[in-house]
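Observations on the model geometry
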Amino acid sequence: MELKKNAFKAGLKAGQPQLGLWSSLCSPIVLEMLSNVGFDWLLIDAEHSPLEIADLLPLLQASAAGPSMAAVRPPWNDKVLLKRVLDIGAQTVLIPFVENEDEAAAAVSSCRYPPHGIRGVAGATRASGYGRIPDYLHRAQEELCILVQVETGAALSRLPQIAATEGVDGVFIGPSDLSASMGHLGNPAHPDVQAAIKNAAQVIRDAGKAPGILATSVDDAKRYLDWGFGFVACGIDLRLLATGAATLLSNMR
Ligand SMILES: O=C(O)C(=O)C[C@H](O)[C@@H](O)CO
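Residues numbered from 1 in each chain as written. Predicted model: local features only at pLDDT ≥ 70, side-chain atom pairs only at ≥ 80, totals over all residues. Heavy atoms only, no water.

1. Observations regarding the UniProt feature "domain: HpcH/HpaI aldolase/citrate lyase" (unreviewed entry) in the protein
- When the UniProt feature table is mapped onto this chain numbering, "domain: HpcH/HpaI aldolase/citrate lyase" (unreviewed entry) sits at residues 18-241.
- With 42% helix and 18% strand, residues 18-241 has end C-alpha atoms that lie 23 Å from one another. (UniProt positions renumbered as here; feature names shortened; annotations may be inferred. Helix = DSSP H or I, 4+ residues; strand = E, 2+ residues; numbered from the N terminus.)

Here you go:
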């Protein structure tokens, strides 16, 4: 059995914009459906959802039904959580609340086996094809994509160092938390926040890494792509369902 190629990571490296969808619905049926819609990547959010580690198994299986690549956001930058998320088969991880280069380096280390990191070794995980990928331990990191999330003003001030951290493939800007940290809770559209986001994309690109972000409208997603963001989640499944249902009902009344 061969180590699975991470087409999302390859696309980022080739400079091809990766269009994604954020999934908060915690549903294998939804992810199975979405995986064939055609997005390059699907983000399974275990930070702001009730997902536990065991819940990720059917979600990752469902995501593999189509060509989209799955990414998992664990609840925290924690070596135990990351080990378990990787062992269950995530090849792309979006690691929240990385505040400086030490935390970025710790995140990378959590994802790599010794001597390059501290990831615990297990012989037969889902990630290693239950032990049937013979070179998994030595080659896993080639196909892992490590994305760190910058979401405060303090983290922005360390952005060049975070982005330059060896092993970090991309830096994701969290517009909601960043706007909160900048004194504009609930208003990522505030001009100061948007200016900070635009500048962040350039800083991340200057470090040779891919900038990423979450948008909740087509206009926002297109603007972020114009600003040079390399991976953009263009919407959230829960929100698409909620707004679609509300629109349907209002059209009927
Ligand atoms: O700060 C942000 O923005 C994010 O990290 C995304 C949020 O967690 C949320 O909008 C996902 O539903």
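Text resumes after the structure shown.
2. Section: the site of the ligand
- Around the ligand, the surrounding shell consists of Trp22, His48, Arg73, Gln149, Glu151, Gly174, Pro175, Ser176, Asp177, Leu214 and Ile236.
- Arg73 is positioned with one of its side-chain polar atoms (N or O) 2.8 Å from an oxygen atom of the ligand.
- Surface burial for the ligand is 86%, taken as the share of its 330 Å² of free accessible area covered by protein chains.
- In terms of residues, the shell around the ligand owes the most to one element, helix α9 (residues 175-181), which gives three residues.
- Tallied by class, residues from the shell around the ligand come to four nonpolar, four polar and three charged. (Near = heavy atom within 4 Å. Polar contact = N/O pair within 3.5 Å; in protein donor to acceptor, adjacent residues only side chain to side chain. Areas by Shrake-Rupley, 256 points an atom, 1.4 Å probe, with all protein chains shown as cover. Nonpolar A, V, L, I, M, F, W, Y, C, P; charged D, E, K, R; others polar.)

3. Concerning the pairing of strand β6 (residues 170-173)
- Burial along β6 is two-sided: Gly170 and Phe172 facing one way and Val171 and Ile173 facing the other are all buried.
- Pairing geometry for β6 and strand β7 (residues 210-214), over four bridges, is parallel. What sits directly across from Ile173, in β7, is Ile213. (Buried < 20%, exposed > 50% of the residue type's maximum accessible area, 1.4 Å probe, protein only. Pairing = 2+ DSSP bridges.)

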